Amino acid sequence: MKISIIGVGLIGGSIALKLKEKKAVDFIYGIDIDEDNLKEAMALNIIDKKADFEHGIKYSDLIIIAIPVDAARKILPKVLDLISESQTVMDVGSTKAGIVNSVKNHQKRSRFVAFHPMWGTENNGPKSAVAESFSGKAGVICGREDSAEDALSLVQKVVEKLDMHLIYMNAEAHDLHTAYISHISHITSYALANTVLEKEKEEETIFQLASSGFSSTVRLAKSHPEMWVPIFKQNKENVLDVLNEHISQLKKFKSALEKENFEYLSELIENANKIRGILDK
């Protein structure tokens with residue numbers, strides 16, 4: 001099997017490495033507007049050859065779109081324009097409704113499978129790619145009823161080779177739930193980092209006193225705006241909904257401290273502790 005990966009960064013590169021490790025592919029083309037990314041991906045044996053857009057698509061059985069969601073939304077119709085009825089296209093975007101809707105009336109819509117691997121880090125570029133990244137994580141396929149049976153089967157096999165467990169849902173439900181468990185986490189991390197940078201002007205103090213708790217909480221603040229601004233843009237309504245609730249929760253903590261209502265503060269923390277029973281299952 002020959003595949004083309006559009007965007008040979010963290011996610012695209014990690015997929016390529018894992019599929020090579022599993023001997024699930026025979027050849028991988030890399031397509032990227034960043035020539036340095038392509039050179040690095042070649043040097044790291046992530047891809048076998050760089051290709052231009054049309055060549056890479058024409059000679060691949062599977063095309064994987066692994067670029068920021070706004071760019072994916074624009075490029076997907078162009079990819080479908082170029083493929084035959086025997087080729088398959090999948091994306092790995094963190095939002096799904098906008099991408100799915102961009103091709104809902106395309107004559108080759110059935111050749112596309114909307115996919116989201118629930119994994120990522122604050123790092124980017126081919127050098128950050130890791131073959132075992134997806135093992136044990138959830139992989140979400142959205143709107144499987146809109147994909148051709150053979151296209152869906154191929155993507156399911158790819159997800160299996162990534163050692164992920166599959167979840168199926170519609171695009172709108174996916175975007176709602178990822179806003180709650182992923183997108184709000186990034187906004188919170190960015191806001192916390194900005195708070196500390198605003199209040200603590202001595203960088204050396206931050207470096208010396210930063211605990212593991214602080215470092216893990218602000219880790220996501222190192223994620224790049226090129227990826228996350230498009231995600232917030234495409235999932236704006238859901239993100240605003242959960243952000244309003246988050247602000248409401250912060251106000252409860254603020255009020256409890258201002259009024260020295262430490263019994264209520266304890267109740268807030270005890271209620272939050274319920275998350276342990278969910279995450280530790």
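Residues numbered from 1 in each chain as written. Predicted model: local features only at pLDDT ≥ 70, side-chain atom pairs only at ≥ 80, totals over all residues. Heavy atoms only, no water.

### Focus: the sheet that holds strand 6 (residues 112-117)
Strands in a sheet are paired, the pairing made by backbone hydrogen bonds, and the direction either parallel or antiparallel. In plain terms, the rule: Here, strands pair whenever DSSP counts at least two bridges between them. Segments assigned H or I by DSSP are reported as helices when at least four residues long, segments assigned E as strands when at least two residues long, and all are numbered from the N terminus. Note on definitions: a residue-residue contact is assigned when non-hydrogen atoms from the two residues lie within 4.5 Å. Interaxial angle, 0 to 180 degrees, is taken between N-to-C directions of lines fitted to C-alpha atoms, where a helix line uses only the stretch in contact.
Strand order in the open sheet formed by eight strands is 3-2-1-4-5-6-7-8, and the pairing between neighbours is mixed. Among the strands making up the open sheet, the edge pair consists of strand 3 (49-50) and strand 8 (165-169). Set on the sheet, helix 1 (residues 10-21) makes contact with strand 1 (2-6), strand 2 (27-31), strand 4 (62-65) and strand 6; between it and strand 1 the angle comes to about 160°.

### Some words on the pairing of strand 1
Using the following cut-off: Here the term buried applies to any residue with accessible area under 20% of the maximum for its type, exposed to any over 50%, and partly exposed to those in between, with areas from a 1.4 Å probe on protein chains only.
Counting buried positions along strand 1 gives four out of five residues, so the element sits mostly inside the fold. Sheet topology places strand 1 next to strand 2; five bridges connect them, and they run parallel. Bridging across to strand 2, Ile5 finds its partner in Gly30. Looking at chain direction, strand 1 and strand 4 are connected through four bridges and run parallel. For Ile3, the partnering residue across the bridge sits in strand 4 and is Leu62.

### Points about the packing of aromatic side chains
Which entries qualify depends on this criterion: Pairing of aromatic side chains requires ring centres within 6.5 Å, counting the rings of Phe and Tyr and the six-membered ring of Trp. Pairs whose planes differ by under 30 degrees are stacked, by over 60 edge-to-face, and all others tilted. Placement of a charge over a ring requires the Lys NZ or Arg CZ to be within 6 Å of the ring centre, with the centre-to-atom vector within 35 degrees of the ring normal.
Scanning all chains against the criterion turns up three aromatic pairs. Considering the side-chain rings of Phe27 and Tyr29, the 4.9 Å spacing of their centres and the 65° angle between planes classify their relative orientation as edge-to-face. Assessed through its relative accessible area of 24%, Phe27 is described here as partly exposed. An angle of 45° between the planes, with centres 5.5 Å apart, marks the rings of Trp228 and Phe232 as tilted. Of the two residues, Trp228 and Phe232 are both situated in helix 10 (residues 225-234); the distance of four residues between them amounts to about one turn of the helix. Judged on exposure class, the residue Trp228 and its partner Phe232 are both buried. For Lys2, the ring lying beneath its charged end belongs to Phe27, and the centroid distance is 5.9 Å.

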